[in-house]
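Analysis of the macromolecular model
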2 protein chains.
Amino acid sequence: MKLEHIGIAVADIESTKNLLKAIFGAEPYKQEVVASEGVITHFYDAGGVKIELLEATSTDSAISKFILKHGQGLHHLAFSVDHVSTDFERIKGLGIQVLGEAPKQGADGKWIFFAHPRDTSGVLMEFCSEQK
Amino acid sequence: MKLEHIGIAVADIESTKNLLKAIFGAEPYKQEVVASEGVITHFYDAGGVKIELLEATSTDSAISKFILKHGQGLHHLAFSVDHVSTDFERIKGLGIQVLGEAPKQGADGKWIFFAHPRDTSGVLMEFCSEQK
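Being a predicted model, the structure only gives us computed values, none of them experimental.

1. Brief notes about the relation of the copies chain A and chain B
Superposition of chain A onto chain B requires a rotation of 180 degrees combined with a translation of 0.0 Å along the rotation axis, giving an RMSD of 0.0 Å. Taken together, these values place the two copies in the relation of a two-fold axis. An overlap of 100% is found between the interface residues of chain A and their copies at the interface of chain B, pointing to a shared contact surface.

2. Focus: the pairing of strand S3 (residues 39-45) of chain A
Remark: a regular strand shows side chains that alternate across the two faces of the sheet. Residue and element names in this part refer to chain A. Burial runs high along S3: five of the seven residues are buried. The antiparallel hairpin formed by strand S2 (residues 30-34) and S3 contains four residues in its connecting segment, where Gly38 sits at a positive phi of about 65 degrees. Relative to strand S4 (residues 50-56), S3 runs antiparallel, the two being bridged by seven bridges. For Asp45, the partnering residue across the bridge sits in S4 and is Lys50.

3. Describing the sheet that holds strand S6 (residues 104-105) of chain B
Residues and elements named next belong to chain B. With respect to topology, eight strands assemble into an open sheet ordered S2-S3-S4-S1-S5-S8-S7-S6, the strand pairing being mixed. A strand with exactly one partner marks an edge of an open sheet, and here the two such strands are strand S2 (30-34) and S6. Bridge count for strand S7 (residues 111-115) against strand S8 (residues 125-129) is five bridges, and the pairing is antiparallel. Residue pairing in the sheet places Ile112 in a bridge with Cys128 of S8. Docked against the sheet, helix H1 (residues 13-24) engages S2, strand S3 (39-45) and strand S4 (50-56), running at close to 10 degrees with respect to S3.

4. Some points on empty space enclosed by the protein
Under the criterion given, the structure shown has two cavities of 30 Å³ or more. Forming the boundary of the largest cavity are 13 residues, of which Ile8(A), Leu20(A), Leu53(A), Val123(B) and Met125(B) lie nearest the centre. Listed by contribution, the elements that provide at least two residues to the lining of the largest cavity are helix H1 (13-24) and S4 of chain A together with strand S5 (73-80) of chain B. For the lining of the largest cavity, the leading source of residues is H1(A), giving three residues. Of the residues assigned to the lining of the largest cavity, the class counts are ten nonpolar, three polar and no charged. Lining of the second largest cavity is provided by 13 residues; of these, Met125(A), Ile8(B), Thr16(B), Leu20(B) and Leu53(B) occupy positions nearest its centre. Every element with two or more residues in the lining of the second largest cavity is listed here: strand S5 (73-80) of chain A together with H1 and S4 of chain B. With three residues, H1(B) is the largest single contributor of residues to the lining of the second largest cavity.

5. Topic: the side chain of Ser64(B)
Looking at the secondary structure, you find Ser64(B) in helix H2 (residues 62-70). Accessibility expressed as a relative area gives 15% for Ser64(B), which makes it buried.

6. Quick look at the pattern of salt bridges
Residue and element names in this part refer to chain B. One pass over the structure, following the stated rule, counts 15 salt bridges over all chains. We note a salt bridge from Lys21 to Glu27, for which the minimum N-O separation is 3.1 Å. The closest approach of N and O atoms between Lys104 and Glu37, which form a salt bridge, is 3.1 Å. Pair noted here: Lys104 is in strand S6 and Glu37 is in the loop between S2 and S3, with a separation of 67 residues, a long-range link.

7. Points about the nonpolar core
Ranked by size, the top nonpolar core spans 59 residues in total, and within it Ile6(A), Leu77(A), Phe127(A), Ile6(B), Leu77(B) and Phe127(B) carry the most contacts. When neighbours within four sequence positions are excluded, Ile6(B) is seen to be in contact with Leu3(A), Ile6(A), Leu77(A), Lys50(B), Ile51(B), Glu52(B), Leu74(B), His76(B) and Leu77(B).

Definitions and limits used
- Residues numbered from 1 in each chain as written.
- Chains lettered and ligands numbered in written order.
- Predicted model: local features only at pLDDT ≥ 70, side-chain atom pairs only at ≥ 80, totals over all residues.
- Heavy atoms only, no water.
- Least-squares fit on C-alpha atoms with pLDDT ≥ 70 in both.
- Contact = heavy atoms within 4.5 Å.
- Buried < 20%, exposed > 50% of the residue type's maximum accessible area, 1.4 Å probe, protein only.
- Helix = DSSP H or I, 4+ residues; strand = E, 2+ residues; numbered from the N terminus.
- Pairing = 2+ DSSP bridges.
- Axes fitted to C-alpha atoms, helices over the stretch in contact; angles between N-to-C directions.
- 1 Å grid on protein atoms, 1.4 Å probe; cavity = no way out; pocket = protein on both sides within 12 Å on 5 of 7 lines; lining within 4 Å.
- Points joined across faces, edges and corners; volume = space filled by probe spheres on them.
- Nonpolar A, V, L, I, M, F, W, Y, C, P; charged D, E, K, R; others polar.
- Salt bridge = Lys/Arg side-chain N within 4 Å of Asp/Glu carboxyl O.
- Core = buried A, V, L, I, M, F, W, Y, C linked by side-chain atoms within 4.5 Å.

See the structure below:
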C-alpha cells in the first residue's frame, strides 16, 4: 500500500496557499491546470507523500460539486499501483464500484481511476500509475 | 511540512481491515485503544506515511459524532512538528483556532493538538511531536 498523494478540495487555492505558507513555511513545487477535470492544482511535498490542492475552474467539475455538497476539505487518497488497467479489472472483480469505463489521464502525467467511496469505507480512492 | 499520518473515521474497523487486505494485501502493524479519546485505532504503513483507522468505542467520542454528521471517511491530517507546545502558541498567534487549552497525549505515544477546520480550509489538522 503506497500512498502517492492526498487531494484536498479548496474554494480559493490562493487563500489555502497563504495558509500553508503561514503554518509550515511551505510553497507548492508545481502548479497545473487539468482542463479535462475542470481544476487548477497545486502540489506540495509533505515528506514522502504529495498534497494536491484542487480548485474548480467550472461549476460542473467534480470539485465544484463536492464543495457545494460537503464544503471544502479532504477529498481523496491516491495510491500508486503498477498498472492501472490491471487493477481496474481486479478491483472491479472485488465487487467495488469503479468510476468510468476505463482508466483515464489525470494530473501529474498519471493514468488514473477512482473507486466509489460507498464501497471503500467512505474514502474516495484514486489508483494511479505512470503507465496505462 | 511533514505529514505523519492520515486519520480515517470508520464505522466498523474489522470491515475496513478486510477491505484494505483485499485491495492492497495490507495488514495493520499496530492496534491500540485510546481510552481517553474513546477510539480503537489500527495503523498501516502506506509507504513513508501512516494511515490510522479510527473506530469509536463510545457514542460521545469525536469519531462517533463525526460519523453521525458526515458518515465515515477521511477525518484528519497529522503533521509532525518539533515541539507541539511551541507550535500551539505559534499557530494560535496566526489567528487559527486551536482546540483545547494545551497539547494532550494522543495515540502512538505522541503529544498532539488540533486546529479547527473552519480556519484551515476545511481540513482538520493535527500537530504532533514525540516531546511535549
